[in-house]
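Residue strings, one per chain:
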Amino acid sequence: MKNALGIIIAFDNDNDLRELTEHRTVAAVPFGCRYRVIDFMLSSMVNSGIYRVGVLMRDKYQSLIDHIGSAKDWDLSRKNGGVTLLPPYSYSRRASPLVNGEYRGKIDALAGAVDFLQKNRSDYVVIADGDIVANLPIDQIIQTHEDSGNLMTMVCVKKTKDSPFTTYVEVNTRKKEVTDIRVGDCGDGRCKYIALGVYVMRRDYLIHLIADCVTHNCVHFERELLQRALAEGTIGSYIFTDYAVKIEDTKDYFASNMDMLEKEVRDQLFLRTRPIYTRIRDEAPAYYGDKAEVDDSLIADGCYIEGTVSGSILFRDVHVDRGAKIENCIIMQSGRILTGASLAHVITDRGVTIRDGRTMMGHENYPVVIAKSSIV
C-alpha cells in the first residue's frame, strides 16, 4: 500500500515487566521461541504493503537496533522507503520548543519526529505500539477507515482483563464508532472493549493533532490526543476478533508465550498468506539425549536437551542437563539448566545459569523472573 506510512512506538510508557525490561524495551523482548515482540507489527505492516516505517525510540534501544539491523529480513532494506530508526531528539528542536529533555510520553516523541512525517508524502499514517502480539490485516483496516470518512480509526479487541495500564473503549457496535475512551478504568463495566494500540488517520490530520497538543503542553497520547480527536469528530472502531494481546506485565508475557503451545492460537498468528518475519540466524538442529523427555513444548534450534521439558518455551542454545526438570517455563537464549535443577513457572532471561540441584517455583499469575546473565 503505497499511500500509507507506518510508525511503531518502540519505547515503554506504562508496563510492569520487571527484570525483562531492565536492558531493553518491551518491543525488543524475545517471544515465542525465536521472535521479538516488534516482529509482529513490522510483519503486519510489510504484509499489508507498507514499506515506509519509522521506529520511535527513547532509551534502552541497543537491543532493538541490533535486532532490526538493515531490516532486510522484513524486505525493508530499500533505496526508497524502508525502516527509519528515530532515536530521541532526532528532529526535536525544529518540531517543538517543549521537547528539550527526555520524552515525557508518546506526543513528545511524535512531535520530535514531525519533520519525518512532513517529508513523507503518504496519505495515511498507521501508528502502532511496539508491545502488540497480533497478525493484523492493516490494509483492510486502512480501507475500512477510508470508506468510513472518520477522522481516525482505532483497532479494538474485547476486554479480557482489568489493568491500570489499559485503555478501555466504549463502542457503538451498530455504527462502529467509539463513544468513550477511559484509561485504567472500564467505567463499572460499561467499556466492553480495549484499545489494542493501533490507530489509522490521515497524515495531515496527525500533524494537526500533534501541533494542537504541543501548543497546549499535552503529553499523554491516550488521555489527551485521543480525547481531542474524539471531541473534534468521529473515531471509528475496527473490532479485531482473532488472537491479539498487548503485553503490559509479566503475567501477559508469560500467558501469551504459553498460548503459543495451542494450535488454534498458532493458526491465527502464523498465517501462510501473512507470515511473521524475524531476523534469521542459522543454527544446528536441537539435540535430544537418550534420556530426554520432551512434551508439549516449543524448542528452538541449537538446544541440547538431556533432561525433562514439559509445557515450556526454549529459545536458541539452551542446555538442559540430565536429571534437570523444566515445567511451564520460558528459558531464553543460552540458558543453562544444570543437573538436578527443577523449575516451574519460571522465566529466565538471556544467559542465565541455574546451578545443580536448585529448585524454583512461581505461579502462572506471578512467574519468577531471573534477570539477564544471572547465576542462581
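In what follows, the accompanying structure is described. Small disclaimer: the values here were computed from a predicted structure and weren't measured.

Criteria and thresholds
Residues numbered from 1 in each chain as written. Predicted model: local features only at pLDDT ≥ 70, side-chain atom pairs only at ≥ 80, totals over all residues. Heavy atoms only, no water. Helix = DSSP H or I, 4+ residues; strand = E, 2+ residues; numbered from the N terminus. Buried < 20%, exposed > 50% of the residue type's maximum accessible area, 1.4 Å probe, protein only. Contact = heavy atoms within 4.5 Å. Pairing = 2+ DSSP bridges. Right-handed = clockwise from strand over helix to strand, strands pointing away. Salt bridge = Lys/Arg side-chain N within 4 Å of Asp/Glu carboxyl O. Core = buried A, V, L, I, M, F, W, Y, C linked by side-chain atoms within 4.5 Å.

Describing the environment of Ala 128
- Examined against the element boundaries, Ala 128 turns out to sit in strand E6 (residues 124-129).
- Using a relative accessible area of 0% as the deciding quantity, one classes Ala 128 as buried.
- Remark: the alpha-carbon pair of Ala 128 and Val 171, spanning 43 residues in sequence, is separated by 20 Å.
- Excluding residues that lie within four positions of it along the chain, Ala 128 makes contacts with Ile 7, Ile 8, Ile 9, Met 41, Met 45, Gly 197 and Val 198.

With respect to the environment of Ile 370
- Summarising the element assignment, Ile 370 is placed in strand E28 (residues 368-370).
- When neighbours within four sequence positions are excluded, Ile 370 is seen to be in contact with Val 346, Ile 347, Thr 348, Asp 349, Val 352, Met 360 and Val 376.

Some points on the pairing of strand E4 (residues 52-56)
- Burial analysis of E4 places four of its five residues in the buried class, the great majority of the element.
- In this structure, strand E1 (residues 4-9) lies alongside E4, joined through four bridges in parallel fashion. In the sheet register, Ile 9 faces E4, and the bridge partner there is Leu 56.
- Examined bridge by bridge, E4 and strand E5 (residues 82-86) share five bridges and lie parallel to one another. Looking at E5, one finds that Val 53 is bridged to Val 83.
- The parallel pair E4 and E5 is bridged by helix H2 (residues 62-68), and the resulting crossover is right-handed.

A short note on the pattern of salt bridges
- This structure, assessed with the given rule, holds 19 salt bridges.
- A salt bridge links Asp 129 to Lys 106; the nearest nitrogen and oxygen atoms lie 2.9 Å apart. Here the residue Asp 129 occupies a position in strand E6, and Lys 106 occupies one in helix H4 (residues 106-112), the gap between them amounting to 23 residues.
- Residue class for Asp 129 comes out buried when judged on its relative accessible area of 6%.
- The partner of Asp 252 in a salt bridge is Lys 161, with the nearest N and O atoms 2.4 Å apart. Taken as a pair, Asp 252 in helix H9 (residues 250-259) and Lys 161 in the loop between strand E8 (152-158) and strand E9 (167-172) lie far apart in primary sequence, 91 residues in all.
- Residue Asp 252 is classed as buried on the basis of its relative accessible area, which comes to 10%.
- For Lys 161, a relative accessible area of 23% puts it in the partly exposed group.

As for the sheet that holds strand E20 (residues 319-320)
- A sheet is described by the order of its strands in space; here five strands give the open sequence E14-E17-E20-E23-E26, paired in parallel fashion. If you trace the sheet from one side to the other, it starts and ends with strand E14 (287-288) and strand E26 (353-354), each paired once.
- Where E14 meets strand E17 (residues 304-305), two bridges bridge the pair, whose relative direction is parallel. When the bridges of E17 are listed, Tyr 288 appears paired with Ile 305.

A closer look at the nonpolar core
- Counting 42 residues, the largest nonpolar core has Leu 56, Met 152 and Met 154 as its most contacted members.
- Considering every element that reaches this core, the biggest residue donor is helix H7 (residues 203-215), with seven residues.
- In this view, Met 152 contacts His 145, Tyr 199, Val 200, Met 201, Leu 209, Leu 225, Leu 226, Ala 229, Thr 234, Ile 235 and Gly 236; residues no more than four positions away in its chain are not counted.
- The next biggest cluster of nonpolar side chains, apart from the first, holds 39 residues, and it includes Ala 27, Met 41, Val 53 and Tyr 168.

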